[in-house]
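An overview of the molecular structure
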Amino acid sequence: MSVTVLVGSQWGDEGKGKVVDILSEEYKIVARYQGGANAGHTIRIGEKEFILHLIPSGILREDVTCVIGNGVVLDPEALIHEMEFLRSQNINIEGRLFISHNAHLIMPYHKLLDSIKEEGENKIGTTGKGIGPCYNDKYARRGIRIVDLLNKDELIKKIKLNLKEKNALLKNVYHREELDADKIIEEYLRFDELIDPYVKDTALFLNKAADAGESILFEGAQGALLDVDFGTYPYVTSSNPTAGGASTGTGLPPTKIDKVFGIVKAYTTRVGLGAFPTELNNEVGEKLRKIGAEYGATTGRPRRCGWFDAFLVKYSQTINGITEAALTKLDVLSEFDEIKVCVGYELNGKRLNSFPSDVTRLEQVTPIYETLKGWGSDISDIKEYNDLPSETKDYIEFLEKQTGIYFSIISVGAKRSQTIFR
Ligand code: GDP
Ligand code: IMO
Ligand code: MG
């Protein structure tokens, strides 16, 4: 029994959904602690593919209880849509899903302001789900929380007060149409009726569960390099996907967390703008995108692709405290004769000692590569580590040496069955 934080170790889309689904067989509770519907976590069960944005991936295992923690920004429209989708798949969510009363609500103006900002010079390639503007209001202490839904008069007052500011901004700065307060109030009051049965003091619930020795898996969204504090700022998301975020985003203190489990993709991808030292803007990158089906699960955008960056993952290992991880999408590399791995960065002729925090410096670095031999055969049906070709094992062990992470799980395909345990 343990309390584990599962984190994306690169720029998101490492295969967290698949691995949460595999691991949740061993956990009683799966909880999200940050982000919102910007996430797109894919789980393949048999021939069926599920993409979850807000509800933890553990929902697909019927004896798992799922929690949406206080650190998540919740879009009611997305939540209702996802609940309906799960019901249509005969997945029961009643009594299995709890939402923190402290979580902040994404409002229609958050999504609108997100898309307006993306039309301007400060564009960063967001998912357009209103994430940044909602966290902005949270930290400016004017956000609207789930708990506000319980007090109708207060809710109406808060929406009206917020709209006064947002409408002034929409009208005078962006020259857009103003939003109608009554329409939003009506929509959110209807939402209150729908989610009322799911609202809980989830911090208390999680602490009681941990104290009773129950196992909890925290499902991180995004990845370490998208972290607002440690990522490639400003080309990041507005939350803390790194392991520390699990405590502030759920109310379970660090003293109750046993382990940090990383999800590491066997190459690198990124969606949206921002520096990407090992990016391959050529036919090799296109081949990775094609074989790896690298298109966003939330927006459908083509993902930028490049070689594995061990220097970046080592940095991620350090700030997350990853001791163990799953190496995913290794099968995608099977068709490459040679595979490169970045083991360090050079800037102005000097090798860097640490990952640059300044994005303009990161844009200027030259990756230092080591080249490994490919294995030239399909590995997607292999079940035992020792049955992998020796070149595949050499690649895995080289990454382990460079990153300081032990890969206890090797994923060689999207299905549950395509998983090797060591
Ligand atoms: P997440 O956001 O980290 O959950 O990852 P996504 O779901 O956005 O993207 C990962 C994609 O790779 C999904 O389409 C998965 O079905 C798929 N996938 C996961 N693991 C593997 C793997 O080991 N091999 C292959 N080929 N695909 C995988
Ligand atoms: P999962 O959980 C990959 C990226 C966006 C953009 C930046 C900011 O599926 O790994 P935001 O909408 O959060 O304000 O966008 O972050 N981004 C992701 N990239 N996977 C994700 O989630 C992402 N969520 C946000 O592309 O660059
Ligand atoms: Mg994703």
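Residues numbered from 1 in each chain as written. Chains lettered and ligands numbered in written order. Predicted model: local features only at pLDDT ≥ 70, side-chain atom pairs only at ≥ 80, totals over all residues. Heavy atoms only, no water.

Examining the sheet that holds strand 1 (residues 3-8)
Inclusion rule: At least two bridges found by DSSP between two strands is the condition for calling them paired. What counts as a helix is a DSSP run of H or I of at least four residues, what counts as a strand is a run of E of at least two, and both are numbered from the N terminus.
The mixed open sheet is built from 10 strands, whose spatial order is 9-7-5-2-10-1-11-15-19-20. Bordering the open sheet on either side are strand 9 (199-200) and strand 20 (419-421), each of which pairs with just one other strand. Across four bridges, the pairing between strand 1 and strand 10 (residues 216-219) is parallel. Each bridged residue has a counterpart across the sheet, and for Val 5 the counterpart in strand 10 is Phe 218.

Points about the site of ligand 2
How we decide: A cutoff of 4 Å decides nearness: a residue is near a molecule or strand if any of its heavy atoms lies inside that distance of it. Distance and chemistry together define a polar contact, namely a pair of N or O atoms within 3.5 Å, with one atom able to donate a hydrogen and the other to accept it when in protein, and with adjacent residues in sequence counting only for side-chain atoms on both sides. A 1.4 Å probe and the Shrake-Rupley method give the accessible areas. Residues count as covered only by the protein chains that appear here. Charged means Asp, Glu, Lys or Arg here, nonpolar means Ala, Val, Leu, Ile, Met, Phe, Trp, Tyr, Cys or Pro, and polar covers whatever is left, Gly included.
Neighbouring residues of ligand 2: 20 residues in total, closest Asp 13, Lys 16, His 41, Thr 127 and Thr 237. The separation between an oxygen atom of ligand 2 and a polar side-chain atom of Thr 127 is 2.6 Å. Within the backbone of Gln 222, an N or O atom sits 2.8 Å from an oxygen atom of ligand 2. When ligand 2 is considered free in solution it has 550 Å² of accessible area, and contact with the protein chains removes 98% of it. Here the residues of the shell around ligand 2 sort into seven nonpolar, 10 polar and three charged.

Comments concerning the coordination of the magnesium ion (ligand 3)
Our working rule: Any N, O or S atom lying within 2.8 Å of the metal counts as a donor, with the limit raised to 3.2 Å for Na, K and Ca; because water is left out of the atom set, some sites can appear incomplete. Only protein chains enter the area calculation, which uses a 1.4 Å probe; residues under 20% of their type maximum are buried, those over 50% are exposed, and those in between are partly exposed.
Each protein donor to the magnesium ion (ligand 3) is listed here as Asp 13 (OD) and Gly 40 (O); together their distances run 2.1 to 2.3 Å. Residue Asp 13 is located in the loop between strand 1 and helix 1 (16-23), and its partner Gly 40 is located in the loop between strand 2 (29-32) and strand 3 (41-45); the two are separated by 27 residues in the primary sequence. For Gly 40, a relative accessible area of 13% gives the class buried.

Here we look at the site of ligand 1
As a reminder of what qualifies: An automatic or database domain assignment is the source of the domain bounds shown.
Neighbouring ligand 1 are 18 residues; Lys 16, Gly 17, Thr 42, Asp 331 and Ser 411 lie closest to it. Gly 17 places a main-chain nitrogen or oxygen 2.8 Å from an oxygen atom of ligand 1. At a separation of 2.7 Å, a nitrogen atom of ligand 1 approaches a polar side-chain atom of Asp 331. Its free accessible area being 590 Å², ligand 1 has 91% of it covered by the protein chains. Mapped onto the shell around ligand 1, the elements with two or more residues apiece are helix 1 and strand 3. Ranked by the residues each element gives to the shell around ligand 1, the list is headed by helix 1, at three residues. When its residues are assigned to classes, the shell around ligand 1 shows four nonpolar, seven polar and seven charged. Of the residues that make up the shell around ligand 1, three or more belong to each of domain 1 (3-100 + 200-261) and domain 3 (264-421).

Observations concerning unusual backbone geometry
That bond from Tyr 233 to Pro 234 is cis: its omega, 10°, falls within 30 degrees of zero. Structurally, Pro 234 is set in the loop between strand 10 and helix 8 (245-248). Backbone geometry at His 175 places phi at a positive 55°, although glycine is not the residue there. The phi dihedral of Asn 348 is positive, around 50°, even though this residue is not glycine. Here Asn 348 shows up in the loop between strand 16 (338-347) and strand 17 (350-351). Relative accessible area serves as the criterion here: at 74%, Asn 348 is assigned to the exposed category.

Side note on the domain arrangement of the chain
To keep it simple, the criterion reads: Residue contacts follow a heavy-atom distance rule, with two residues in contact if any of their heavy atoms lie within 4.5 Å. Reported buried area values correspond to the accessible surface (1.4 Å probe) lost by two parts on association, with both partners' losses combined.
Split by domain assignment, the chain resolves into domain 1 (3-100 + 200-261), domain 2 (104-194) and domain 3 (264-421). The straight-line distance from the C-alpha centre of domain 1 to that of domain 2 is 24 Å. Counting from both sides, the interface comprises 23 residues of domain 1 and, opposite them, 17 residues of domain 2. Note on domain 1 versus domain 2: buried area summed over both sides is about 1,600 Å², and carbon and sulfur give 64% of it.

Considerations on the packing of aromatic side chains
Note the following rule: Paired rings are identified among Phe, Tyr and Trp, the last through its six-membered ring, by centres lying within 6.5 Å, and are further divided according to the angle between planes into stacked (under 30 degrees), edge-to-face (over 60) and tilted (the rest). Cation placement over rings: the criterion is NZ of Lys or CZ of Arg within 6 Å of the ring centroid and within 35° of the ring normal.
According to the stated counting rule, one finds 10 aromatic pairs in the structure shown. Ring centres of Phe 50 and Phe 85 lie 6.1 Å apart, and the angle between their planes is 65°; on these two criteria the pair is classed as edge-to-face. Here Phe 50, found in strand 4 (residues 48-52), pairs with Phe 85, found in helix 2 (residues 76-88); they are 35 residues apart in sequence, far enough to count as distant. Its relative accessible area of 6% is what places Phe 50 among the buried residues. Here the aromatic rings of Tyr 188 and Phe 191 are separated by 6.3 Å at their centres, their planes lie at 70°, and the arrangement is edge-to-face. Here Tyr 188 pairs with Phe 191, and both are found in helix 6 (residues 181-195), just three residues apart, close to one helical turn. With respect to burial, Tyr 188 and Phe 191 carry one shared label: buried. One aromatic cluster is present, formed by Phe 311, Tyr 315, Tyr 345 and Phe 355 through successive ring pairs. Geometry around Phe 98 places Lys 200 over its ring, the cationic atom sitting 4.2 Å from the centre. Positioned above the aromatic ring of Tyr 369, the side-chain terminus of Lys 340 is 5.8 Å from the ring centre.

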